[in-house]
Amino acid sequence: MSDRPNFYLLLDLDPKVDEWLTIEKRLKDKQREWSADRQGNPKKRRIAESSLARIKEIEAVLKNDETRRQEAKEAVRQLQKARQEQTRDLDGAIEVLKTGGGRCTAEQLKSLAQRFSGTFAADEIKKRLQAAGLQLEGGPSADRKPRPAKEKIDNVTAGNVRRNLDHLRLKNLYELLELKPQSSPKALCDRADEIYRENQRLGRTDTDASARNELAGLCKSLFQNDREKAKYDNYLAVEAMEALKPDLELAGGDGFLARGEIDALVKRARQLGVSTEDARAYIEDHALSRKWGMQRDGGELPAETLKLCGFCADLAPATAMKCSNCGHLLEPLCPRCGTKTPSTHAACASCGCRTGDAPLVMALLKEGEHLAVEGDTAGALQRFDKALLYWPDWKPAMEARRQVEERRKQRETELSAIEELLRQRKLAAAQSALDRFERGYGPAGLEPLKWQLQEGLARAETAFQEGERRRRSGDGEAALDRFEEALAACADYEPALRASAASPPLPPSVLQVSTLAAGFRLTWKAAGTGRGVAYRVLRKAGGGPQTTADGEALGEVRSTMLDDADAPVGVLWHYAVFSVRGGTACHEPAASGPHLRTAEVEDLEAVAGDREVTLRWKAPPGCRRVEAWRRRGALPERPGDGTAVTVAGNSAHDTGLTSGEAYGYVVVAVFPDPTRPGGEQRTSGRTVLATPVAPPAAVVDLRASRTGKNVLLSWTSVPGATVQIRQASRLPDYAPGLILPVSQADRFGTLVLGATSNGAQVTLAGQGRTFFVPLSVSAGTAVAGRAVEITTLDPVAGLKASRSGPNLVLTWDWPPGTDEVVVAWAHDRHPEDPRTGNGQRVTVTRREYERTGCWLLPHAERKAHYISIFAKAPGDLYAPAAQIVENMGEAACVTYEVVVKKSLLRRRIEGAWLALTCSDHSRSALPPLMMVGKAQSVPMSPRDGELLEEIPAVHLAEGRATLPIPERHWVRHPYVKLFFRDGMDAKQIRLLPAEKERLRLD
């Protein structure tokens, strides 16, 4: 590169530009510029002609990825070198100025800025002069011009705004909206809408309402975005500075503005909401127009170092953390990224969060908390939701909302418990619970419940008093009727409970228990009196119930019959029936037991093999054992019919059978007989028919490929069997090779219709994951094969990885319908599973990604990163992985050169090869390569020359290898270069060719 200019610098390109399309556009622009310069002065003409002659070379170097990166690196080096030289020259000039009294005039500063304009900005030169101890002095230069005015709202709009604000006696639109100048356009427009809607709702038509409505409409226009808002803010700044003009004229009355006067004016301006920059610009421009002198001794003004509170606009010392006036933090943490951000700023400089909405959001939070304390749950939730609209996922608002929501749910739960007590007519307990509820949550909405309680308790009291009157008159039965009426109104009315307990009812008699198809039927004779008597039925294992709380309650009925259809199998049950009146039970119940409910075995299946049959089942609880009998050619008619089969646990293996012949089996459960000590009783048994046969081979090579919604399945056909394909959304728990009866094939999903002996086609109906299981079927026996999985979720596209300092940056295109991905990475190979396996994993939402336009892994290790990204859908569904490799600048380097062996006398080529050396001695092989040659120059790409040889793999020995150059190419003496067959391999390994002369076969 020493014999030519650097192409990045020649094209005035930033070395960071690494896209050929951008470079190509810049090259075309420069080509037109050089063509025009050929008609200019001799110096420009020479540069233009030299540059135009290099067009092809520039294209060749900058179009190739490898040489482009080398050119950019060299450009950075030359720029750094030039800056170092310019820095030395500037330091020398500063030393000269220091010998002249330690001052630098405005003209001298202007001269330095022009001299070093290509390297240093004027502000940077000022800072270096001040750091060297030089004093900047002099008024504005004669040729200094006022700064261009910032864009403001037009005069007509400004007049309308000021006229209506003056009518309402308001300073600005922010005071009208009751928001701060740093508020976001959205918050300002939302508040303007609220003002307009409130006036419309109240029907106000007076002059004040008209002014407010007109200003609200102007706000919608002036605050529609940040740019329009900035115009209004610029207008306010000028308006505020115009108000300070009398003080400015007073300070400059002597034709000179001292530093202290400037500082006092800037401080006043900041208190009026004008930025330091705008205030100083206005003062300097005004001084220039009046031809005043200004003290320019450099450094920040004291007023510039003060901190401005974004909540109350009060100034505080630079070291202050909180505002002494309102107590808010002057630099609170950004609610999104945690960066310290001045409270006057509209947004966080790090992540863009609208921190300027802090006063509004804080006010909404406090208002919501106040409403929550007062019990207005709906209003509190509305305030928290509005706060989260401006600051999504803000933890204080989310936590406050969660607490209010939990309190609301707790209130609903307690209220439901009270309503349940009312439904059970437990009015005394409901009264106590309602009193506690009212103390905790207030009386709002409780009037209907209170009326229901009072009405029920009054009816109970009236009935009880009538019962007491009847009892005193000697009419005991009528008294019991009134006590029962009182308990019907209030089930826990204590006086009526005590009165009823003193007169328990007579017991029922002759309890009989008969067996049903499912459970038992209980019948009994009624008690001696039928006045208001109910019957409470209980069961108990191992012994009879003695009280109404001793055992499992089956129900309370008025009739004399009850069915127990849910009695568990295999348990010795005892039953008792109590007569109950007014909550009081008889002393002695009608009893019966023990009784045993039997059941057949469940899930009986017969799996036929070659000359054998295996029976499997689930034994019912409580049975002593299971028996099985076999009968050839037909089903056994009853237990004991046929040949007994040996049973082991919950299965029986019957061998020595004849393949192709049918066998019938009956499987019987044996229980103890509760009516005969030591006796047994058998069930009728379940039967099954099986034909022994050699099971077919399992399908182990099922393949599936998806195109849109269509799935093509293929496999190797199985001799002597048909293949069923079963489709399911969830894969059953099984191992390939499982033998089962074909009647149980439905456990693997629905049957795929239209399958041939070795293929099938399926159209998927919806989104998600689908499993296909092959079953080899022969003579009623099925063998499960190896399943395949298909997912309808598309992978991410356009995956790219790059470095940003010590960080790793990933970008990709999100597939439709995907809002979440799993990013997995490892240093040895690509992760294959999004849930577990090698490497690390993190879940990234679309919202997080779109907030920054990328995903960043901070402080990534300087080693190869094998990255897999899995798109994720709800329900734990993942798409196939998109994969990429980023070496973080630690890619292995392979250097190479052409080596030629010649005879000593004739100087004829006897051998030629490429000698390779790898920097990573632990690497044993290189990916496939292409050897490309070119006669006149070094090839710049795999297509720029002739393909000499394709190398499928290169084996390294201690980091070295040789690649022979085919003899047929020696005669043309080409330049030889290596390229990877797969360009992605260049991410992991860098091919570094030797100098041009050492790449020629000569």
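Residues numbered from 1 in each chain as written. Predicted model: local features only at pLDDT ≥ 70, side-chain atom pairs only at ≥ 80, totals over all residues. Heavy atoms only, no water.

I'd like to hear about the sheet that holds strand β7 (residues 509–515), residue by residue, with values.
The sheet built from 3 strands is open, its strands ordered β7-β8-β11 with antiparallel pairing. A single partner strand is all that each edge strand has here, and the edge strands are β7 and β11 (561–564). With direction set aside, neighbouring strand axes in the sheet form an average angle of 20°. When strand β8 (residues 520–525) meets β11, the two strands line up antiparallel, connected through 4 bridges. Its bridge partner being in β11, F520 is matched across the sheet by D564. (Pairing = 2+ DSSP bridges. Helix = DSSP H or I, 4+ residues; strand = E, 2+ residues; numbered from the N terminus. Axes fitted to C-alpha atoms, helices over the stretch in contact; angles between N-to-C directions.)

Kindly report on the pattern of salt bridges, identifying the contributing residues and their values.
Across all of its chains, the model carries 78 salt bridges by this definition. Here E239 makes a salt bridge to R162, at a shortest N to O gap of 3.2 Å. Linking E239 in helix α12 (residues 226–243) with R162 in helix α8 (residues 155–168), this pair joins segments that are 77 residues apart in sequence. One connected set of salt bridges, linked through shared partners, spans R624, R625, E627, E680 and R682. (Salt bridge = Lys/Arg side-chain N within 4 Å of Asp/Glu carboxyl O.)

Describe the nonpolar core, and please don't skip the residues or the numbers.
Ranked by internal contacts, the top residues of the largest apolar core, which has 52 residues, are V161, L173, L176, L177, L215, F223 and Y232. For this core, the secondary structure elements donating two or more residues are α8, α9 (173–177), α10 (185–202), α11 (207–222), α12, α17 (358–374), α18 (377–390) and α19 (395–423). Leaving out residues up to four positions away in the same chain, F223 has contacts with L173, Y174, L177, P185, L188, C189, K229 and Y232. Counting residues in hydrophobic clusters, the runner-up holds 30 residues, among them V898, I965, V976 and L991. (Core = buried A, V, L, I, M, F, W, Y, C linked by side-chain atoms within 4.5 Å. Buried < 20%, exposed > 50% of the residue type's maximum accessible area, 1.4 Å probe, protein only. Contact = heavy atoms within 4.5 Å.)

Run through the sheet that holds strand β40 (residues 892–902), naming residues and quoting values.
Overall, mixed pairing links the 4 strands, which are arranged β46-β41-β40-β48 in an open sheet. With one partner strand each, in any of the chains shown, β46 (960–964) and β48 (989–993) form the two edges of the open sheet. The mean angle between the axes of side-by-side strands here comes to 30°, regardless of whether they run parallel or antiparallel. Of the strand pairs in this sheet, β40 and strand β41 (residues 909–918) are connected by 9 bridges, and their pairing is antiparallel. Note on β41: the bridge partner recorded for K901 is G911.

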